[in-house]
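As a plain string of letters, each chain reads:
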Protein chains: 2
Amino acid sequence: MANIIIENGYILTMDPAQDDIERGVVVIDNGIITQVAESTDETANTVIDAKGGVVMPGLVNTHTHAGMTIFRGYADDLTLSDWLENHIWPAEAQLTDNDLYIGTKLACLEMIRSGTTAFVDMYIHVDKVARAVEESGMRAALSYGMIDLGDETRAKSELKEGRRFVREWNGRADGRITTMYGPHAPHTCSRDFLGLVREYAFDDNVKIHIHVLETEDELNQMKEQFGMCSVNMLDELGFLDSDVIAAHCVWLSDGDIDILNERGVNVSHNPVSNMKLASGIAPVPKMLARGVNVSLGTDGCASNNNLNMFEEMKTAALLHKVDTSDPTVMPARQVLEMATINGAHAMGTNSGMLKVGCMADVIIVDMNKPHLTPIYDIPSHLVYSASGGDVRTTIVNGKILMDDYKVLSMDEQKVMKDANKAALNLVLRVNEQE
Amino acid sequence: MANIIIENGYILTMDPAQDDIERGVVVIDNGIITQVAESTDETANTVIDAKGGVVMPGLVNTHTHAGMTIFRGYADDLTLSDWLENHIWPAEAQLTDNDLYIGTKLACLEMIRSGTTAFVDMYIHVDKVARAVEESGMRAALSYGMIDLGDETRAKSELKEGRRFVREWNGRADGRITTMYGPHAPHTCSRDFLGLVREYAFDDNVKIHIHVLETEDELNQMKEQFGMCSVNMLDELGFLDSDVIAAHCVWLSDGDIDILNERGVNVSHNPVSNMKLASGIAPVPKMLARGVNVSLGTDGCASNNNLNMFEEMKTAALLHKVDTSDPTVMPARQVLEMATINGAHAMGTNSGMLKVGCMADVIIVDMNKPHLTPIYDIPSHLVYSASGGDVRTTIVNGKILMDDYKVLSMDEQKVMKDANKAALNLVLRVNEQE
């Protein structure tokens, strides 16, 4: 007897080797997908009727700062330097362990509600982040965000804390939590520091999560300092490899794209954040055409201001159509691949597809909604018409985290109440410092 | 005794003369707002507790083809000519009265659910469109979309049908329905025809709804044919006035913006559609800076693919930040103005604000959601974090159309069922023609 059978739904497999099934079943046992078919002889403890719904792999958000959810809407419509220096940094300086725990819980709650089953995070107070993820039931690749700013003492302590976290949390929560090294960016970390991070990551057999060329300022700064851009500098260091997730990658030259492709670097595209902060437009269609593994990320809630991967999918499709003056680029199914298979590939998890042997990270999207009626084409609706609120059921690692819109893995009202309280206290502390 | 009192909500007035009220009341009687205050001595038949919600003016969608909702997701990711010529036009040729009735019902259902209380429409089979609007309870400015393509006979019959509709439906449904003339566009209508439309509109004292410079193709075609762009040609004709709603306005020169501003033309900005069809980016920050009344529209569902004004607000804010490389343009409150006051101004209705004497078109947005937690700034959340599904209550003309997420003015399941059936039959008819 299996754990879960999902029946009667449209099965969007996202498996290149398996067509969608108009009305089929997905069987889950021991956290693994054991059958994807038109019907099954199997029985299960839990049978979910997905009638009128699309059963698909959970979405993978490959660039977040989940704890920043506590800053949602804290400061908007400002220049990047004003936003960072006068608002975000002073507030971050006041963050407590509890803020990060609550902020990450809130982030997980929002992601579960909007169909994200796994995410790739970089932030601070990481033990609390990890604890919140563990309790939420989600899958995540976590890292401590390290910045040395050329200071050797700081470099040492950052590396120490990064490694401590990598080793302490990797593989915990039934394997749902993996760890990575999280050097912030090429212009905030010294070359030597980045070289050490690279060695550490090989030693510990974990991946690396880093911001790359998010802004033109970074590009200019790197050229001034090193006479080359971030991608060239990182490549010269031997930093770039298939275990690297590079977030943003907005200011890439064609040559940079070739390097990323040759090294097998995974790019996390964050269109909403890049637009909101006016950072620029990443050359995503070019990257996809050359074969770079591009996935999608929301970035933190302070620059988005939500963690809704459905919105990220639509924005990605729209932005590149208008940017290239070509409405045929980034068609719906390709964008869905970015949010599922490509994200899973970046994380290195056997997921992102409904396929026998894959991890059971599965969502059901409710299509019985006015804004999803009538139905001609499922991928089109998922990318262009749906919203995060249409997700009815979220399953991670074979466990049901949300069932028919009810979140089971946490007390939703309590998380919201705690977050509001933490935000209020945070503002009081920030104001006291001014 | 009043009809409705909404109490305990955050009152976002959108009235330049009245600050928001942290916790207040809105009193509605006979379809009109009779009080906006911290508290009231008034009693009412219906008292709505808006605790944890934002009470605000309903959103105004100033460019739709509501009946096209029957084509939602019918054809995507195609070039404009392929999309129109090989998909939309053949399907439009098969549309029946019933398709338009059902399509518009479905559109109204979606709009009511996502907080839109009024819309400006242009399409065909317009008696059925008007009937659906009448039954839905919504407010709308409707027009028959006229195209003569330089054919005099066609021009006559189009004008006749346009005028018949204008005169037959103006002011019906307790004044909720007004009518307009809807000449399609400067490159699909002859000069003479446009001149006649202008006269007719003055005669009948109704407004005009027209597409202007949506595509670069239109710009090139106009320059070739007239040696000037659409705005110059229309201005030379004396067509442009404060009763004109010009949709899209993507390919404007600075001089065009000055003309639109001097004539008091209302511009409907449709960022999602312009991005999806790769039409280009309208110079909205420039228009707003010069004082042009710019509102927001979703366009039809075949090029969006929904009617969600929350999504349109966020997309508008994001698009112009990245396009101008300036994150301070289009701040949240300005975008809210576009979706409320500016839209009402374009329609010429006394609405778009919570103010004594205004029409009671009011929505309540439920803020007790994980993705709207915590709360620092209400306008920021409405533009950057909320989605249409967060609207809890929708009131039009003092009538409650949706109460606590339950649509009262129509049978939701029946509308969806009818739409699915109509779509199925439409596809069968289109396939028979091939």
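What you see is a predicted model, and the numbers here were worked out from it, not measured in a lab. (Residues numbered from 1 in each chain as written. Chains lettered and ligands numbered in written order. Predicted model: local features only at pLDDT ≥ 70, side-chain atom pairs only at ≥ 80, totals over all residues. Heavy atoms only, no water.)

### Let's talk about the overall build of chain A
Counting its regular elements, chain A contains 15 helices and 17 strands. Here the C-alpha radius of gyration of chain A, 21 Å, is about what a compact globule of 434 residues would show, namely 22 Å. Referenced to the eigenvectors of the C-alpha coordinate spread, the extents of chain A come out at roughly 65 × 45 × 40 Å. Considering only intrachain contacts with a sequence separation of at least 6, the fraction spanning at least 24 residues in chain A is 73%. Accessible area of chain A: about 14900 Å², with a carbon and sulfur share of 45%. With 36 positive and 63 negative side-chain charges, chain A shows a separation of 5 Å between the mean positions of the two kinds. (Helix = DSSP H or I, 4+ residues; strand = E, 2+ residues; numbered from the N terminus. Rg over C-alpha atoms; globule rule 2.2 N^0.38 Å. Contact = heavy atoms within 4.5 Å. Areas by Shrake-Rupley, 256 points an atom, 1.4 Å probe, with all protein chains shown as cover. Lys, Arg positive; Asp, Glu negative; His and termini not counted. Charge placed at Lys NZ, Arg CZ, Asp CG, Glu CD.)

### Observations regarding the nonpolar core
Among the nonpolar cores identified, the biggest contains 135 residues, and Ile-6, Phe-71, Met-287 and Leu-382 of chain B are the most heavily contacted of them. Among the elements that line this core, the one with the most residues is helix α2 (residues 97–113) of chain B, at eight residues. With near-sequence residues (within four places) excluded, Phe-71 of chain B lies in contact with Tyr-376 of chain A together with Ala-91, Glu-92, Leu-95, Tyr-123, Ala-302 and Leu-426 of chain B. (Core = buried A, V, L, I, M, F, W, Y, C linked by side-chain atoms within 4.5 Å. Buried < 20%, exposed > 50% of the residue type's maximum accessible area, 1.4 Å probe, protein only.)

### Re the relation of the copies chain B and chain A
Copies of the same chain, two in number, are related to each other by a rotation about an axis and a translation along it. Between chain B and chain A, which share one sequence, the superposing operator has a rotation angle of 180° and an axial displacement of 0.0 Å; the RMSD is 0.0 Å. In short, the pair behaves as if placed about a two-fold rotation axis. Relative to the rotation axis, the closest C-alpha in chain B is found at Gly-389 of chain B, a distance of 3.5 Å. The overlap is high: 100% of the interface residues of chain B also sit at the interface in chain A, so the same surface is used on both sides. (Least-squares fit on C-alpha atoms with pLDDT ≥ 70 in both.)

### Observations regarding unusual backbone geometry
Cis geometry is adopted by the peptide bond preceding Asn-305 of chain A, which originates at Asn-304 of chain A and carries an omega value of 5°. Along the polypeptide, Asn-305 of chain A turns up in the loop between β13 (293–296) and α11 (309–324). The linkage connecting Thr-373 of chain B with the following residue, Pro-374 of chain B, adopts the cis geometry, with an omega of -10°. The backbone of His-125 of chain A shows a phi angle near 50°, a positive value even though the residue is not glycine.

### Thoughts on empty space enclosed by the protein
Enumeration over the complete set of coordinates arrives at two cavities of 30 Å³ or more. For the largest cavity, the lining is made up of 19 residues, of which Asn-308 and Glu-311 of chain A together with Asn-308, Glu-311 and Lys-314 of chain B are closest to its centre. Breaking the lining of the largest cavity down by element, the ones donating at least two residues are α11 of chain A together with α11 (309–324) of chain B. Of the residues assigned to the lining of the largest cavity, the class counts are eight nonpolar, seven polar and four charged. Size it by volume and the second largest cavity reaches roughly 30 Å³. Looking at the second largest cavity, the residues that line it are Asp-76, Asp-77, Leu-78, Trp-83, Lys-276 and Leu-277 of chain A together with Pro-327 of chain B. (1 Å grid on protein atoms, 1.4 Å probe; cavity = no way out; pocket = protein on both sides within 12 Å on 5 of 7 lines; lining within 4 Å. Points joined across faces, edges and corners; volume = space filled by probe spheres on them. Nonpolar A, V, L, I, M, F, W, Y, C, P; charged D, E, K, R; others polar.)

### A closer look at the side chain of Asn-274 of chain A
Among the structural elements, Asn-274 of chain A can be located in helix α9 (residues 271–276). Of note is the side chain of Asn-274 of chain A, whose polar atom sits 3.0 Å from the side chain of His-248 of chain A. Non-local contacts of Asn-274 of chain A, meaning those with residues more than four positions away in its chain, are made with Glu-214, His-248, Val-250, His-269, Ser-279 and Gly-280 of chain A together with Val-322 of chain B. (Polar contact = N/O pair within 3.5 Å; in protein donor to acceptor, adjacent residues only side chain to side chain.)

### Here we look at the domain arrangement of chain A
Residues and elements named next belong to chain A. Looking at the assigned domains, one finds that chain A contains domain 1 (2–57 + 355–407) and domain 2 (59–347). On a C-alpha basis, the centroid separation for the pair domain 1 and domain 2 is 28 Å. At the junction of the two partners, domain 1 supplies 28 residues and domain 2 supplies 29 residues. Taking both partners together, domain 1 and domain 2 bury about 2300 Å²; carbon and sulfur atoms supply 66% of that area. Three residues stand out in domain 1 for area buried against domain 2, namely Met-14, Val-383 and Tyr-384, and they jointly supply 30% of the buried area on that side. The interface formed by domain 1 and domain 2 holds two salt bridges in total. For Asp-361, the salt bridge identified is with Arg-139, shortest N-O distance 2.7 Å. If you look at where domain 1 meets domain 2, you find seven residue pairs in polar contact (both at pLDDT 80 or more). (Domains from an automatic or database assignment. Buried area = accessible area lost by both parts, 1.4 Å probe. Salt bridge = Lys/Arg side-chain N within 4 Å of Asp/Glu carboxyl O.)

### Observations concerning the sheet that holds strand β7 (residues 116–123) of chain A
Residue and element names in this part refer to chain A. Spatially, β6-β7-β8-β9-β10-β11-β12-β13 is the arrangement adopted by the eight strands of the open sheet, whose pairing is parallel. Strands with a single pairing partner mark the edges of an open sheet, and in this sheet they are β6 (59–64) and β13. With strand direction ignored, the average angle separating the axes of adjacent strands in the sheet is 25°. (Pairing = 2+ DSSP bridges. Axes fitted to C-alpha atoms, helices over the stretch in contact; angles between N-to-C directions.)

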